[in-house]
Amino acid sequence: MRFIIRTIAAAAALWVAIQLVPGIEVSTSTNSAKYWGVLLIVALIFGIVNAIVKPIVKALGCAIIVLTLGLFLLVINAAMLLLTSWISTQLDIPFHVDNFYPAAFWGAIIISVVSWLLGLFIPDGD
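Only a predicted model underlies this, so the values are computations on that prediction, with no experimental measurement involved. (Residues numbered from 1 in each chain as written. Predicted model: local features only at pLDDT ≥ 70, side-chain atom pairs only at ≥ 80, totals over all residues. Heavy atoms only, no water.)

Undergrad: Would you mind showing me how to read the nonpolar core here?
TA: General note: in soluble globular proteins, nonpolar side chains tend to be found buried as a group. Judged by nonpolar contacts, the single largest core of 31 residues is most densely connected at Leu14, Ile24, Leu81 and Phe95. Of all the elements in the fold, those that place two or more residues in this core are helix H1 (2-20), strand S1 (24-26), helix H2 (33-60), helix H4 (72-90), strand S2 (95-97) and helix H5 (100-119). Top element by residues in this core is H2. It accounts for 8 residues. Excluding its chain neighbours within four sequence positions, the residues that come into contact with leucine 81 are Leu14, Ile24, Phe46, Phe95, Val97, Ala104, Gly107, Ala108 and Ile111. (Core = buried A, V, L, I, M, F, W, Y, C linked by side-chain atoms within 4.5 Å. Buried < 20%, exposed > 50% of the residue type's maximum accessible area, 1.4 Å probe, protein only. Helix = DSSP H or I, 4+ residues; strand = E, 2+ residues; numbered from the N terminus. Contact = heavy atoms within 4.5 Å.)

Spelled out as structure tokens, the structure:
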């Protein structure tokens with residue numbers, strides 16, 4: 001149940017980023033069942049990318065992260081959003097991020113902040 005709630009929260013964070021950042025788009029009719037289904041699928045892909053690829057990239061870039069006092073994590077988050085866009089394109093899912101800056105960079109920041117805010121209201125289950 002917690003996994004489903006977190007996926008819906010990630011989809012909501014993606015929706016906020018789509019609304020606020022030009023260059024992040026879902027090319028299907030807005031507020032249709034397909035649109036929300038695409039958001040849920042992209043949230044699942046984004047979660048898988050963050051669970052598998054992000055720890056590897058963070059481990060490899062540990063020195064740069066320390067050197068930049070953590071600011072390089074913004075670049076890593078934007079890269080994960082671009083990777084999600086690329087995977088979605090390969091799977092014929094109508095989700096696209098135009099470029100690294102400003103679309104992926106600001107989109108990743110917005111998704112992180114909204115996910116964090118929504119996470120405050122989701123119980124941990126502990």
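Undergrad: Would you explain the packing of H1 against H5 in this entry?
TA: Pairs of packed helices are described in terms of their axes, by the angle between the two and the distance that separates them. Running from N to C, H1 and H5 cross one another at 140°; their axes reach a closest spacing of 8 Å. Regarding the angle of H1 to H5, the classification is oblique. Relative to H5, H1 is oriented so that their crossing is right-handed. Residues Arg6, Ala9, Ala12, Ala13, Leu14, Val16, Ala17 and Leu20 of H1 form the contact with H5, whose own contacting residues are Gly107, Ile110, Ile111, Val114, Ser115, Leu118 and Gly119. Class assignment of the residues belonging to the contact of H1 with H5 gives a composition of 11 nonpolar, 3 polar and 1 charged. (Axes fitted to C-alpha atoms, helices over the stretch in contact; angles between N-to-C directions. Parallel < 35°, antiparallel > 145°, perpendicular 65-115°, else oblique. Left-handed = near helix turned anticlockwise from the far one by under 90°. Nonpolar A, V, L, I, M, F, W, Y, C, P; charged D, E, K, R; others polar.)

Undergrad: Quick question: what am I supposed to make of H2 here?
TA: In an α-helix, one turn spans 3.6 residues; hence positions three or four apart end up facing the same way. End to end, H2 covers 40 Å across 28 residues, agreeing with the expected 40 Å (1.5 Å per residue, within 8%). Valine 53 marks where H2 bends most, by close to 40°; the proline proline 55 follows one to four residues later. Buried positions along H2 lie against H1, S1, H4, S2 and H5. (Expected span 1.5 Å × (residues − 1). Bend = angle between axes of the 7 residues up to and from the residue.)

Undergrad: I keep staring at the packing of aromatic side chains and nothing clicks. Help me out?
TA: Any pair of aromatic rings gets described here by the distance separating the centres and the angle formed by the planes. Taken as a whole, this structure holds 4 aromatic pairs when the rule is applied. With a centroid separation of 6.2 Å and an interplanar angle of 35°, the aromatic rings of tryptophan 15 and tryptophan 36 are classed as tilted. Pair noted here: tryptophan 15 is in helix H1 and tryptophan 36 is in helix H2, with a separation of 21 residues, a long-range link. Of the residues examined, tryptophan 36 reaches a relative accessible area of 36% and is grouped as partly exposed. A centroid spacing of 5.3 Å and a plane angle of 85° characterise the contact between phenylalanine 105 and tryptophan 106, whose relative ring orientation is edge-to-face. Accessibility expressed as a relative area gives 16% for phenylalanine 105, which makes it buried. Taken together, the ring pairs connect Trp15, Tyr35 and Trp36 into an aromatic cluster. (Phe/Tyr/Trp six-rings, centres within 6.5 Å; stacked < 30°, edge-to-face > 60°.)

Undergrad: I keep staring at the UniProt feature "transmembrane region" (unreviewed entry) in the protein chain and nothing clicks. Help me out?
TA: Residues given the UniProt feature "transmembrane region" (unreviewed entry) here are residues 33-53, 60-83 and 103-122. For residues 33-53, the helix share is 100%, the strand share is 0%, and the end-to-end C-alpha distance is 30 Å. Helix makes up 79% of residues 60-83 and strand 0%. Its end C-alpha atoms lie 17 Å apart. (UniProt positions renumbered as here; feature names shortened; annotations may be inferred.)

Undergrad: Which parts of the structure should I look at to understand the packing of H4 against H5?
TA: Following both chains from N to C, one finds H4 and H5 inclined at 100°, their axes separated by 8 Å at the closest point. Relative to H5, the element H4 lies roughly perpendicular. Of the residues in H5, those in contact with Leu74, Val75, Asn77, Ala78, Ala79, Leu81 and Leu82 of H4 are Phe100, Ala104, Phe105, Gly107, Ala108, Ile109, Ile111 and Ser112. When the residues that make up the contact of H4 with H5 are grouped by side-chain class, the tally is 12 nonpolar, 3 polar and no charged.

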